[in-house]
Amino acid sequence: MSSDTIKLLICGSGNGAHAFAGIASSLKGTDVRVLSLYQDEAERWSAAMQKKDLEVTLNRKGKESTYITSKPALVTKNPEDAMRDVDIVVFVLPAFAHQVFLDSLKPYIEPGTIIVGLPGAAGFDFQVRYVLGETGRQCTIMNFASLPWACRTTEFGLKCEVLGTKETLQGAFKKGEGVAPKKDPVSTLQYLVGPLPKLLISGHLLGVQLMSTNAYLHTSIIYGQWKGWDGNPLDEPPLFYNGLTESTANLISSVSDEVVTIAKVVGEKSGAEMSNVIHIYQCYMRCYPENISDKTNLYTTIQTNAAYQGLKHPVKTTKEGKFMPDFTYRYMTEDIPYGLVVIRGIAEIVGLETPNIDKVLTWCQEKMGKEYLVNSKLQGKDVASSRAPQRYGFTTLESIL
């Protein structure tokens, strides 16, 4: 295999991993491997590939669908085989699963490897640096605010549908210390994901963590919907985004203001480039310009976003066929420890008070039966299973930068 070949390892086996495996494998000069550590998924995907190629359907708004067929060179649960001579490792899986993949890859990761969170969620680079230690410092770390595609696997290992592709994708990276990356990080990843989304790489990695907008969007919506709930089951699951009230939209906006202020203070104190942190309203204008019919304010923007139509709150069904809120759904179990808690941890390090974040976090942790914020400090027992910088012993601005 020529030295120009890009050797890509995709960690994960969900919707995003399927889409990425199909797209990247179809390109010239790529050697794509997939690592799945979950149950027997690697065996199932390998077996499917013996029969036929992976087919990815690409839907673009107002255009004819296109189909690509290809297959990764290897799907395995063996980290040593997966990692052999790899240039770039991309995590396309939920944040709670990152630790087990990092632990399994640690013995085989070489300095100069490019490690990408697509998306990595908040705390991704803290965790990578902590788990990989000295080698981690010599790796180039990239992180993105979201997945490039809205996609779903329709037949495991065989068929995946890309429902929509973002126009642009915000991210940042930090080169490893003393070791050049194995390939150019930005142009290599852009080639692998295809012409769209256009990767917009700017500012400090800390900015991408603060731009984990789902961390406060989802949790604030749940808070707004259920904080005054009387405990009686409902006849219908409430609409998630379209059921938003103006007061909840104002809360989301206030939390976003706090996040923008955290970034401003980080920039003022350290000189780090933090202009990649913007208010959630501007974020919508950039990510969904075509989908929103009323852009008057944040409330109308969320209410009239076509991408959100009909989506409902996560609920549990009672024996009587009624509905109760499900506080064990990923909007809480992911967006709190790998999102809001991390953002709150950064605020604490720069000495900023965040009353709106604290209000949402305090209510959510109680519903989850967890303890992060105690007496207005991140010192609860469950900080140890979050990705807050404090969990890794990063307690100064210098250490988190």
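- Going by the annotation in an unreviewed UniProt entry, the name recorded for the protein chain is Opine dehydrogenase domain-containing protein, with Desmophyllum pertusum given as the source organism.

**Here we look at the side chain of T57**
And then number 1: Along the chain, the position of T57 falls in strand β3 (residues 54-58).
And then number 2: Non-local contacts of T57, meaning those with residues more than four positions away in its chain, are made with S65, T66, Y67, C160, E161 and V162.

**Focus: the sheet that holds strand β6 (residues 88-91)**
And then number 1: In space, the eight strands of this open sheet follow the order β5-β2-β1-β6-β7-β8-β11-β12, with mixed pairing throughout. Unpaired on one side and paired on the other, β5 (74-76) and β12 (198-201) mark the two borders of the sheet. Recorded for the sheet is a direction-independent mean angle of 25° between the axes of neighbouring strands.
And then number 2: As paired elements, strand β2 (residues 30-35) and β5 share three bridges and run parallel to each other. Among the inter-strand pairings, L35 is bridged to a residue of β5, identified as T76.
And then number 3: Along the sheet face, helix α1 (residues 15-25) touches β1 (6-11), β2 and β6 and points at about 160° away from the line of β2.
And then number 4: Of the strands in this sheet, β2 and β5 touch helix α2 (residues 41-51), which is tilted by about 150° from β5.

**Structural notes on the nonpolar core**
And then number 1: Counting 62 residues, the largest nonpolar core has L210, L217, I252, I262 and I302 as the members making the most contacts within it.
And then number 2: The dominant element in this core, judged by the number of residues it contributes, is helix α9 (residues 246-270), at nine residues.
And then number 3: Once residues within four sequence positions are removed from consideration, I262 is found in contact with L210, I343, I346, A347, V350, L352, T354 and I357.
And then number 4: A42, M49, V116 and C160 belong to the second largest nonpolar core, which has 34 residues in total.

**Considering unusual backbone geometry**
And then number 1: Following L118, the chain continues into P119 via a peptide bond in cis, with omega recorded as -5°.
And then number 2: Note the cis peptide between L196 and P197, where omega equals -5°.
And then number 3: Looking at where P197 falls in the secondary structure, it is placed in the loop between α6 (185-193) and β12.
And then number 4: The backbone of N375 shows a phi angle near 50°, a positive value even though the residue is not glycine.
And then number 5: Inspection of the secondary structure puts N375 in the loop between β15 (373-374) and β16 (377-378).
And then number 6: With a phi angle near 60°, S376 is a residue other than glycine that sits in the positive phi range.

Each value, and the rule that gives it
- Residues numbered from 1 in each chain as written.
- Predicted model: local features only at pLDDT ≥ 70, side-chain atom pairs only at ≥ 80, totals over all residues.
- Heavy atoms only, no water.
- Helix = DSSP H or I, 4+ residues; strand = E, 2+ residues; numbered from the N terminus.
- Contact = heavy atoms within 4.5 Å.
- Pairing = 2+ DSSP bridges.
- Axes fitted to C-alpha atoms, helices over the stretch in contact; angles between N-to-C directions.
- Core = buried A, V, L, I, M, F, W, Y, C linked by side-chain atoms within 4.5 Å.
- Buried < 20%, exposed > 50% of the residue type's maximum accessible area, 1.4 Å probe, protein only.

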